Amino acid sequence: MQEGRKILAVAKNEMFSEDMMNYSIHLAKRLSYDLIALNVKANNYSRKTDQTGEVFKRYAAENGVQCEYAVRSGDIADVVEDFHHETRRVEFVITAHKEEMTGIVTIPVFSIVSNHLSDGRKVMAEVQDSKMKLAGKTIAYGLLSAAMYAAVFMNAKTVMQYFTMGGWYAAMPIITVFAFSLAHGAFASNLWSLMGINAVKKDDVHQTVQTTVRPAQRPRKRPRAYAYINPFHRI
Amino acid sequence: MQDLAQNAVQFIDLNWISVSFLFIMGFIGGLVSGFIGSGGAFVLTPGMMSLGVPGTVAVASNMCHKFPKAMIGAFKRFKYGQVDIKLGLVMAASAGVGVQAGIKLQNMILNRWGQVGSDLYVSVSFVVILVIVGGYVFYDALKTSDSSGAEKVSLIAKKLQSINLPPMIHFKQANVRISLWFTLPVGFATGMLAATIAVGGFIGVPGMIYIMGVSSLIASATELVIAFVMGLGGSINWAMHGMVDIRLTLIILAGSLLGVQLGAIGTTYVREHVIKIVMGTIMLIVAVSRGLAIPKYLNQLHLISLSESSLKLMGQISFITMCIALAVGAFIILGSMWKARRPAETTYALEESYEEV
C-alpha cells in the first residue's frame, strides 16, 4: 500500500489563520490528499502548543481528511526542507511565509495571505469560545429545567390538586408543559450539539445519495502517458 | 362532573422503577416519532396502564406529552426545511373532523356491542390497517432500497395530481399541487385512526406519501405539525376534565424531548427509504402485538374458549411485542445514523477526487 500524497501546511508559532486552515483542509479534501500541519517554533519561543493541533485535526476529521500535526523548532525554511526530506510524498507547501523559504525549500511553495489579522490564535480562541458558550448554554438550560422539575415534584401534592380541578384550571397543565418543553427542549438541543451530533446539511445528503449509486471508483493516480503502437507499422 | 372525575380517578404513587420506565419509554418513543412523525403513544398508554394508571388518565397524560414533543420535533425539522406548514394545517383541520367522527363511531359500537365489542373493533381495525398499510410501506421501502434509492412518486399520486378539480392547492415546501378534495379524505382517515388507535400517523404519513405524492421526509415531518394541533386540542379537552397527571406527563416529556430531537437530526443522516423501513417494520410488529390481543375479546364474547392463564400470557406477550416494535425501530434509526456518519464523509471525498481527474 502506497503512502498517500501530502500537503504540508506550515505556520510559525502556531499562527495558523482561519483562511489557511480552511483552504488547506478543503484542498486536501478535493484532491484526496493527506494533510500535515507543521508548526515551526522560533528557538526562543516557548508556549504550550497542544490546542492548535487538536483544533486542526478536528476540522480535518469533520471534512474526512487525514491530518497529522507536527511541531518543530528552528528556522522555518530549514525545518520545512528537512521535513520534506524525511517525510515521503510531500507534494507542496502552503504557508504565509513564502519569501523566507524561496531558494531553500526545493518543492513548490504556495503562499496564502489571510485578509484577516494573521493571528491564528484568534481562530482557535473562537472555536474554543463557541464550544464554551454552547457548554454554558447547555448547563444553564439544564439547571433551569432541573429547577422546574424540582419545583413540580417537591410540591407534587399541591400541584396535582390544582392541576386536576378541570374547567379553567386546565390552562395550568397546558402552560406548564409548554414552559417545560421550551426549557428542557433547548437543553436537549444544546446537549446533542455539544456531543457533536448535528444535522448534516441537505446538500451533503443529496450528494451522498448520488455517490452511492456511482458505479465504480476511479484509481487515485492520474492517467499517465503510454507508448502508442502503430497498427500499420508492419505494412 | 369535575368532582366525579376527582373521586373516580386514582393517581398512582411514583417510585424509581416507574419513573425510569417512563423516562426510557419517553426517550425511545420520542426518537421514533422524531424520525417517522408518530409512534410511541401506542406503547406508552398500555405501559402506563400496566403501572396501574387508569385508562383515561393514561390516555390524557400521554396526549399531553405528545403535543409539546411534536412541537419541538416539528420546529427542529422545520429548520431543516422538511416541514410543509400549510399541508400540516390543512391535514390537521380535516383530521379534527375525523377525530369527531371516530369518537361517534366508537360510541355507536360501544352502545350496540358494549365494551368488549368496542375493544374488539379497535383491535381488529388496528390489525387490518397496520398489516395492509405497513406491509405496503415495507414492500415499497425494500423496492426503493434495491433500485437506485431515489424515491418515485406513486402512480395514484400522479394521477390525482393531474386531476384539476378546484380548489387546487399548491404546497410549496412539499412541491405538490393537488386538489383540496383529495387531501380531505387522507386527513379524515388520519383523525379517525387517531381517535381509534391513538396513532394517526400510521395512516397520515403513508397517505401523504402514496396518495398525495409528498416525499417521505416531508410527510413524516409534516405529521408532527398534525400531531401538535390534534394533541393540543385533545389535551385541552382532557385537562378540562381534570384527567391529566402532570407528573407522568413531565417524566415522559423529559425523555421524549431528548429523543425527538435526536430522531429529527437522524432524518438528515439517512436516505429517505430508511424512514419507510422503520415505519413499515414498526407497523407490522405492532399488528402482531394487537393480533395477540384479539383472542381475549373473542373469549369474552364467548366465540372461543381459552383458559385464563393462556389469555394472560398472550396479553403479556402482546405488550412485550409492542415494546419490541419500538425498540427495533429505535435500533434501526440509531444504527443507520451510526453507519451514515462515516461513509458520508469518505464517499464525498471520493466523488470530488473523481471529478478532479
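Computed from a predicted model, the values in this text were never measured in an experiment. (Residues numbered from 1 in each chain as written. Chains lettered and ligands numbered in written order. Predicted model: local features only at pLDDT ≥ 70, side-chain atom pairs only at ≥ 80, totals over all residues. Heavy atoms only, no water.)

Looking only at helices and strands, chain A features 8 helices and 5 strands. Counting from the amino terminus, chain A carries its helices and strands in the arrangement β-α-β-α-β-α-β-α-β-α-α-α-α. For chain A, with 235 residues in total, the buried portion stands at 39%. Here the contacts in chain A between residues at least 6 apart in sequence split such that 73% fall between residues at least 24 apart. For chain A, the exposed area adds up to about 14300 Å²; of that, 57% sits on carbon and sulfur atoms. (Helix = DSSP H or I, 4+ residues; strand = E, 2+ residues; numbered from the N terminus. Buried < 20%, exposed > 50% of the residue type's maximum accessible area, 1.4 Å probe, protein only. Contact = heavy atoms within 4.5 Å. Areas by Shrake-Rupley, 256 points an atom, 1.4 Å probe, with all protein chains shown as cover.)

The next thing to look at is the overall build of chain B. Summing up its helical and strand segments, chain B has 13 helices and 2 strands in all. Looking at chain B as a whole, 55% of its 357 residues are labelled buried. Surface exposure of chain B reaches about 15000 Å², of which carbon and sulfur atoms provide 68%.

Further remarks concern the packing of aromatic side chains. What the rule picks out here adds up to 10 aromatic pairs over all chains. Taken together, a centroid distance of 5.3 Å and an interplanar angle of 65° make the contact between Phe178(A) and Phe67(B) edge-to-face. One end of the pair, Phe178(A), is in helix α7 (residues 171-194); the other, Phe67(B), is in helix α4 (residues 55-79), on a second chain. Plain terms: the ring middles of Phe67(B) and Phe228(B) are 6.2 Å apart, the flat faces sit at 45° to each other, and that makes the pair tilted. Taken together, the residues Phe67(B) in helix α4 and Phe228(B) in helix α9 (residues 216-240) connect sequence positions 161 residues apart. (Phe/Tyr/Trp six-rings, centres within 6.5 Å; stacked < 30°, edge-to-face > 60°.)

Ranked by internal contacts, the top residues of the largest apolar core, which has 101 residues, are Phe42(B), Phe202(B), Met212(B), Val214(B) and Ile282(B). Examining the composition of this core, we find that 12 residues originate from one element, helix α10 (residues 246-267) of chain B, more than from any other. Setting aside anything within four residues of it in sequence, one finds Phe202(B) in contact with Ser38(B), Phe42(B), Leu130(B), Val133(B), Leu193(B), Met279(B), Ile282(B) and Met283(B). Counting 21 residues, the second-largest nonpolar core is a separate cluster that includes Met20(A), Ile25(A), Tyr33(A) and Ala37(A). (Core = buried A, V, L, I, M, F, W, Y, C linked by side-chain atoms within 4.5 Å.)

Our focus in this paragraph is the packing of α4(B) against α10(B). Residues and elements named next belong to chain B. The geometry of α4 relative to α10 is characterised by a closest axis approach of 9 Å and an angle of 30° between their N-to-C directions. By the angle between their directions, the pair α4 and α10 is classed as roughly parallel. The chirality of how α4 crosses α10 is right-handed. Packed against α4, whose contacting residues are Ser61, Cys64, His65, Pro68, Lys69, Ile72, Gly73, Lys76 and Arg77, the element α10 presents Leu248, Thr249, Ile252, Leu253, Ser256, Leu257, Val260, Gln261, Ala264, Ile265 and Thr267 at the interface. (Axes fitted to C-alpha atoms, helices over the stretch in contact; angles between N-to-C directions. Parallel < 35°, antiparallel > 145°, perpendicular 65-115°, else oblique. Left-handed = near helix turned anticlockwise from the far one by under 90°.)

Looking now at the environment of Phe42(B). All names here are of chain B. Along the chain, the position of Phe42 falls in helix α3 (residues 41-50). Taking the C-alpha atoms as reference, Phe42 lies 7.9 Å from Met322; in sequence the two are 280 residues apart. Not counting residues within four places of it along the chain, the set of residues in contact with Phe42 comprises Val199, Phe202, Ile282, Val286, Met322 and Leu326.

The side chains of a regular strand alternate, residue by residue, between the two faces of the sheet. Residue and element names in this part refer to chain A. Counting buried positions along strand β4 (residues 90-95) yields 5 of 6 residues, so the element is predominantly enclosed. For strand β1 (residues 6-12) and β4, the ladder comprises 5 bridges, and the chain directions are parallel. Residue pairing in the sheet places Ile7 in a bridge with Phe92 of β4. (Pairing = 2+ DSSP bridges.)

Next up on the list: the sheet that holds strand β3 (residues 67-73) of chain A. Residues and elements named next belong to chain A. Spatial ordering of the open sheet is given by β3-β2-β1-β4-β5, a layout of 5 strands whose pairing is parallel. Edge positions in the sheet fall to β3 and β5 (109-111), since each has one partner strand and no second. Between one strand axis and the next, the sheet turns by 25° as a mean value, whatever way the strands run. Summarising the sheet, strand β2 (residues 34-41) and β3 pair through 7 bridges and their orientation is parallel. By the bridge assignment for β3, Leu35 is matched with Cys67.

Time to look at α7(A). For an α-helix, 3.6 residues make a turn, and residues three or four places apart therefore share a direction. The terminal C-alpha atoms of α7(A) lie 34 Å apart, and with 24 residues this matches the ideal 34 Å at 1.5 Å per residue to within 8%. Looking one or two places after α7(A), you find Gly196(A), whose phi comes out positive at around 85°. (Expected span 1.5 Å × (residues − 1).)

Residues and elements named next belong to chain A. Structurally, Ala42 is set in the loop between β2 and α2 (51-62). Through-space distance from the C-alpha of Ala42 to that of Ile76 is 8.1 Å; in sequence the pair is 34 residues apart. Discounting chain neighbours no more than four positions away, the residues touching Ala42 are Asn13 and Gly74.

Residues and elements named next belong to chain B. Taken N-terminus to C-terminus, the directions of helix α5 (residues 85-146) and α9 make an angle of 45°; their axes are 8 Å apart at the nearest point. Comparing the axis directions of α5 and α9 gives the class oblique. Classified by chirality, the crossing of α9 by α5 is right-handed. On α9, the residues touching Leu87, Gly88, Leu89, Met91, Ala92, Ala95 and Val99 of α5 are Thr222, Val225, Ile226, Val229 and Met230. In the contact of α5 with α9, the residues fall into 10 nonpolar, 2 polar and no charged. (Nonpolar A, V, L, I, M, F, W, Y, C, P; charged D, E, K, R; others polar.)

Before going further, it helps to spend a moment on the side chain of Thr87(A). Structurally, Thr87(A) can be placed in the loop between α3 (76-86) and β4. If near-sequence neighbours (up to four positions away) are discounted, Thr87(A) is found in contact with Lys6(A) and Ile36(A).

Quick look at the confidence of the model for chain B now. Residues and elements named next belong to chain B. In this model, chain B carries an average pLDDT of 82, and 90% of its residues clear a pLDDT of 70 or more. Looking at the elements of chain B, mean pLDDT is at its lowest for helix α1 (residues 2-8), recorded as 44, and at its highest for α10, recorded as 91. Counted against residues more than four places away or in other chains, residues 1-8, with its pLDDT under 50, gives 8 contacts. (pLDDT = per-residue confidence, 0-100.)

What follows concerns the confidence of the model for chain A. Residue and element names in this part refer to chain A. With 77% of its residues at a pLDDT of 70 or more, chain A shows a mean pLDDT of 77. Within chain A, helix α8 (residues 202-213) has the poorest average pLDDT of any element, 39, and α7 the best, 90. Note on residues 202-216: pLDDT under 50 across the span, and 18 contacts to partners over four residues away in sequence or across chains.

When we look at burial in α3(A), the residues that qualify are Ile76(A), Ala77(A), Val79(A), Val80(A), Glu81(A), Phe83(A) and His84(A). Close packing links the buried residues of α3(A) with β1, β2, β3, β4 and α4 (98-101) of chain A.

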